[in-house]
Amino acid sequence: FGAAFAALLLLGIVGVLLASVLPSTSFARKRDCVEQSEGTCTKYGPEEDIRYAISPADAQAVEPRLTITGAPTYPSDGQIYFVTVRTPELTVLDWLATRVNPAAYLASYDDLYATQTPEQSVQQGRRAMMTAKQSAEYVALKLAGYDAQLVAGDILVDRIVCLQPNADGTKCETFAPAGQVLTQNDKIIELDGVAVKTVADLAPILARHQPGDSVPMKIERDKQTMSVEVQVTAAPDGSGRTIIGIFTIDTTSVKLPDDISVNINTNLIGGPSAGLAFTLTVLDQLTEGSLMGKQRVAVTGTIDVNGNVGAIGGLPSKASAVEQTGVKYFLVPASQSATEIAEANKAGNGRVEIIPVATISEALAALARLGGDKFTPVRSAG
């Protein structure tokens, strides 16, 4: 009996060691829903190897990363936290632990990189972070009463529009025809014989065309000018608009008033989801009092130049990170689905209050309800 037990113990140890080094793709598979009817999946896609997990990283205070010069700043009793997730490659042992974690999402390679390489994804994330910081600076300074201005930039291709996603939105079934001609970082310099400089120049030209038309275009790729033809398509939002079928890189820059400088140190962190957190922190520093009162408040959500808050990914993982940090309040985009909000509440273990907001005004109102000072601009805009 002793020898048999020792043999079983040894086998168990060997099994654990193997599970800790073998990639999850050796065993783990999943099938995504591609068609639904009344909330029930009626068709599943092909099996995919599970390679990654979207899982909690941490919640970090924004204020220590922020430096403002050239404008008066004011101390605050509270803190705004931005939240991050990570996407590690899994071993079999990791997969066994992660699949029962409500705060994690198991993902295939295509889930993360379906239309781009990992390197392109990193570049896109860093561009999105730069846009988030610029939008945050603009919105905060305008609200505080400073004369910040937007300066339009070149038209650069980011990625191709998805015309038909699968049922749960995890993959694209059909991309716009532009993907057969255009690639990331192409600079559009002429459309239908008309020189174009900014994204705003495209709409009047496209309005003259019907979906399915082939439209001549001049682009710059790797410093070489090329003439191509792109089949334009209908916008997938049902508006009837004719579009090229691309998302563009936001090259808009923010011109701050003379002598004012805003710097947010994000190191190698990518993505746009800290936009609202940055906006609130910059605004808090530029105005008297404390917008958070004495509270610590976690915040996630994109921000556009009109102050609208946009949806983000990995909400349950972020709620878990907030809970682990000990922060009780979490402002999230109102546009997140009811399912995501429910999953975030579950991941927060009942110790995090999820507060949906749709605009910067709603976010300020939510902070005031938590005991923060009423927002008051410090000056009249020039």
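Further up the page is the structure itself.
The rules we used
- In this convention, every chain numbers its residues from 1, walking through the sequence in written order.
- Two thresholds apply to this predicted model, a pLDDT of at least 70 for residue-level local features and 80 or more for giving and counting side-chain atom pairs, whereas whole-chain, interface and lining totals are computed over all residues.
- Only heavy atoms go into the side-chain values, all of them from the structure, while hydrogens and water stay out.
- Going along the chain from the N terminus, every DSSP run of H or I of four or more residues is numbered as a helix, and every run of E of two or more is numbered as a strand.
- Should any heavy atoms of two residues lie within 4.5 Å, those residues are counted as being in contact.
- Per-residue accessibility takes into account occlusion by the displayed protein chains alone, with areas from the Shrake-Rupley method and a 1.4 Å probe.
- Residues counted as positive are Lys and Arg, residues counted as negative are Asp and Glu, and His and the chain ends are not counted.
- The location of each charge is read from NZ of Lys, CZ of Arg, CG of Asp or CD of Glu.
- To qualify as a nonpolar core, a set must consist of buried Ala, Val, Leu, Ile, Met, Phe, Trp, Tyr and Cys residues joined through side-chain atoms within 4.5 Å.
- Buried means the residue's accessible area, taken with a 1.4 Å probe over protein chains only, is under 20% of the maximum for its type, while exposed means over 50%, and partly exposed covers the values in between.
- The pairing criterion for strands is at least two bridges between them, as found by DSSP.
- Every axis corresponds to a line fitted to the C-alpha atoms, with the helix fit spanning only the stretch in contact, and the corresponding angles, defined between N-to-C directions, vary from 0 to 180 degrees.
- For any pair of crossing helices, the crossing counts as left-handed if the nearer helix is rotated counterclockwise from the farther one by less than a right angle, and right-handed if it is rotated clockwise.
- Residue polarity is assigned by list, with Asp, Glu, Lys and Arg as charged and Ala, Val, Leu, Ile, Met, Phe, Trp, Tyr, Cys and Pro as nonpolar; anything else, Gly included, falls into the polar class.
- To estimate the expected span of a helix, subtract one from its residue number and multiply by 1.5 Å.
- Working definition: a ring pair exists when centres of Phe, Tyr or Trp rings (six-membered ring for Trp) sit within 6.5 Å. Plane angles under 30 degrees give stacked, over 60 give edge-to-face, the rest tilted.
- Any Lys NZ or Arg CZ found within 6 Å of a ring centre and within 35 degrees of that ring's normal is scored as a charge over the ring.
- Just to be clear on terms, a salt bridge is a Lys or Arg side-chain nitrogen sitting within 4 Å of an Asp or Glu carboxyl oxygen.

**Student:** Tell me about the overall build of the chain, and please be specific about residues and values.
**Tutor:** Tallying secondary structure elements over the chain gives 9 helices and 24 strands in all. Dimensions of the chain, computed from the C-alpha atoms along their principal axes, are close to 85 × 55 × 45 Å. For the chain, contacts bridging at least 24 residues in sequence account for 73% of all contacts bridging at least 6. Only carbon and sulfur atoms are counted for the fraction: they give 51% of the accessible area of the chain, which is about 19300 Å². The centroid of the 31 positive side-chain charges in the chain is displaced by 3 Å from the centroid of its 41 negative side-chain charges.

**Student:** I'd like a description of the nonpolar core, backed by residues and values.
**Tutor:** In terms of nonpolar packing, the biggest core is built from 46 residues, with L141, L276, L280, V282, V297 and L331 touching the most fellow members. Apart from the residues lying within four places of it in its own chain, the contact partners of L280 are I80, L291, V299, L331, I360, A363, L364 and L367.

**Student:** Would you mind going over the sheet that holds strand β3 (residues 52–61) in detail, with residue names and values included?
**Tutor:** Read across the sheet, 6 strands follow the order β6-β3-β5-β20-β23-β24 without closing on themselves; strand pairing throughout is mixed. At either end of the open sheet lies a strand with only one pairing partner, and these are β6 (105–107) and β24 (353–357). Sheet twist, expressed as the mean angle between neighbouring strand axes with direction ignored, is 35°. Bridge analysis of strand β5 (residues 79–86) against strand β20 (residues 296–299) gives 4 bridges, and the strand direction is parallel. Paired with Q79 across the strands is R296, a residue of β20. Across the sheet, helix α6 (residues 275–286) touches β5, β20, β23 (329–333) and β24, and the angle it forms with β5 is around 160°. Where helix α7 (residues 315–325) meets the sheet, it contacts β3, β5, β20, β23 and β24, and its direction lies at approximately 45° from that of β3.

**Student:** Explain the side chain of S320 to me, and be specific about the residues and the numbers.
**Tutor:** Looking at where S320 falls in the secondary structure, it is placed in helix α7. Relative accessible area serves as the criterion here: at 7%, S320 is assigned to the buried category. If we ignore the near neighbours within four places in the chain, the residues touching S320 are P56, A103 and A347.

**Student:** I'd like to hear about the pairing of strand β4 (residues 66–69), residue by residue, with values.
**Tutor:** Alternating positions in β4 separate cleanly, L66 and I68 being buried on one face and T67 and T69 remaining unburied on the opposite face. As defined by bridge partners, β4 adjoins strand β19 (residues 261–264) across 4 bridges and the pair is classed as antiparallel. Across the sheet, the residue bridging to I68 is V262, located in β19.

**Student:** Please give an account of the packing of α6 against helix α9 (residues 360–369) that cites residues and values.
**Tutor:** Interhelical geometry of α6 versus α9 gives an angle of 65° and a closest axis separation of 11 Å. Helix-helix and strand crossings are classified by hand; for α6 and α9 the assignment is right-handed. Here L276, T279, L280 and L283 of α6 lie close against α9, whose contacting residues are I360, A363, L364 and L367. Of the residues contributing to the contact of α6 with α9, the split by class is 7 nonpolar, 1 polar and no charged.

**Student:** Describe α6, with residues and values.
**Tutor:** Along its 12 residues, α6 runs 17 Å from first to last C-alpha, staying within 8% of the 16 Å computed at 1.5 Å per residue. Along α6, 12 of the 12 residues are buried, which leaves the element largely enclosed by surrounding structure. Every buried residue belonging to α6 is among G275, L276, A277, F278, T279, L280, T281, V282, L283, D284, Q285 and L286, and all of these are buried.

**Student:** Before we move on, could you go through the packing of aromatic side chains and cite the residues and values that matter?
**Tutor:** Taken as a whole and judged by the stated rule, the model has 1 aromatic pair. In this structure, R159 packs its charged tip against the face of F247, placed 4.3 Å from the ring centre.

**Student:** Report on the pattern of salt bridges, specifying residues and quantitative values.
**Tutor:** Here the structure, examined in full by the defined rule, presents 9 salt bridges. Salt-bridge contacts for R159 lead to D158; the nearest nitrogen and oxygen are separated by 3.3 Å. For D158, a relative accessible area of 10% puts it in the buried group. Ionic pairing is found between R351 and E323, a salt bridge with its closest N-O pair at 2.7 Å. With R351 in the loop between α8 (338–347) and β24 and E323 in helix α7, this pair connects stretches of sequence that are 28 residues apart. Since its relative accessible area comes to 52%, R351 is described here as exposed.

In short, shape yes, function no, at least from these values alone.
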